[in-house]
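Examining the three-dimensional arrangement
If you want the building blocks of each chain, they are given just below.
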Amino acid sequence: MLIGELSRRTGVPAHQLRYYESQGLLEPGRGANGYREYSEDAVTTVAQIRKLLDAGLSTKEIEFLLPCATGTGPDLEPCPETLVMLRARMQGLDERIDTLTRSRRALNDVIDTTGRRLAEYTAQGRIPAPTSAPA
């Protein structure tokens, strides 16, 4: 099938399919006319790529995992290297979540303090001049 049909069948824009190819995730053949030609398996491969991207994996990590993937789930063949990589990715996500949680708490403290100060100023009749907030 040509790239347009693969795009229609998977819902993935053609430019993304070309990106997946550039990252080594898809390997189309070439017709006599030079056009990319994809096998039926490409539909499953694209579904696997999308699910793994949704899981927060990089294209490098997906390239490593794809040979172990089966079905559209995808299900991964169990092997120690796969689990090591997936657990490292999970640890990275947990660390980012912790950092975001701390940032959220700190921002909430700033908002609370500013809100209290504004209420005090308003009660005293000292309403500060409005400023425009950055976008």
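Residues numbered from 1 in each chain as written. Predicted model: local features only at pLDDT ≥ 70, side-chain atom pairs only at ≥ 80, totals over all residues. Heavy atoms only, no water.

Named according to an unreviewed UniProt entry, the chain is MerR family transcriptional regulator originating from Marinitenerispora sediminis.

In the structure shown here, the tally under the stated rule is 6 salt bridges. In this structure, Glu-21 and Arg-30 form a salt bridge, with 3.6 Å as the shortest nitrogen-oxygen distance. A salt bridge links Glu-21 to Arg-36; its shortest N-O distance comes to 2.4 Å. Linking Glu-21 in helix H2 (residues 14-22) with Arg-36 in strand E2 (residues 36-37), this pair joins segments that are 15 residues apart in sequence. Classification of Arg-36 by relative accessible area gives partly exposed; the value is 22%. Connected via shared salt-bridge partners are Glu-5, Arg-9 and Glu-40. (Salt bridge = Lys/Arg side-chain N within 4 Å of Asp/Glu carboxyl O. Helix = DSSP H or I, 4+ residues; strand = E, 2+ residues; numbered from the N terminus. Buried < 20%, exposed > 50% of the residue type's maximum accessible area, 1.4 Å probe, protein only.)

Another aspect to go through is helix H1 (residues 3-10). Regarding H1, the residues found buried are Ile-3, Leu-6 and Ser-7. Buried residues along H1 cover an arc of 100 degrees about the axis, so they all sit on one side. Contacts made by the buried residues of H1 are with H2, E2 and helix H3 (41-54). (Arc of directions from axis to C-beta. Contact = heavy atoms within 4.5 Å.)

Moving on to the packing of aromatic side chains. In this structure the tally under the stated criterion is 1 aromatic pair. Geometry around Tyr-121 places Arg-126 over its ring, the cationic atom sitting 4.2 Å from the centre. (Phe/Tyr/Trp six-rings, centres within 6.5 Å; stacked < 30°, edge-to-face > 60°. Lys NZ or Arg CZ within 6 Å of the ring centre and 35° of its normal.)

Another aspect to go through is the packing of H1 against H3. Taken N-terminus to C-terminus, the directions of H1 and H3 make an angle of 50 degrees; their axes are 10 Å apart at the nearest point. Here H1 is positioned oblique relative to H3, judged by the angle of their axes. Both H1 and H3 take part in a crossing whose hand is right-handed. Along the contact surface, H1 presents Leu-6, Arg-9 and Thr-10, while H3 presents Ala-42, Val-43 and Val-46. When grouped by side-chain class, the residues that make up the contact of H1 with H3 number 4 nonpolar, 1 polar and 1 charged. (Axes fitted to C-alpha atoms, helices over the stretch in contact; angles between N-to-C directions. Parallel < 35°, antiparallel > 145°, perpendicular 65-115°, else oblique. Left-handed = near helix turned anticlockwise from the far one by under 90°. Nonpolar A, V, L, I, M, F, W, Y, C, P; charged D, E, K, R; others polar.)

Right, let's get into H3. Counted at 1.5 Å a residue, the expected span for H3 with its 14 residues is 20 Å, and the 20 Å between its end C-alpha atoms agrees. Every buried residue belonging to H3 is among Ala-42, Val-43, Thr-45, Val-46, Gln-48, Ile-49 and Leu-52, and all of these are buried. Just downstream of H3, Gly-56 is the residue with a positive phi angle, here 90 degrees. (Expected span 1.5 Å × (residues − 1).)

On to the environment of Asp-112. Mapped onto the secondary structure, Asp-112 falls in helix H5 (residues 80-123). On the accessibility criterion, Asp-112 (34% relative accessible area) is partly exposed. For Asp-112 and Arg-50, which are 62 residues apart along the polypeptide, the C-alpha to C-alpha distance reads 40 Å.

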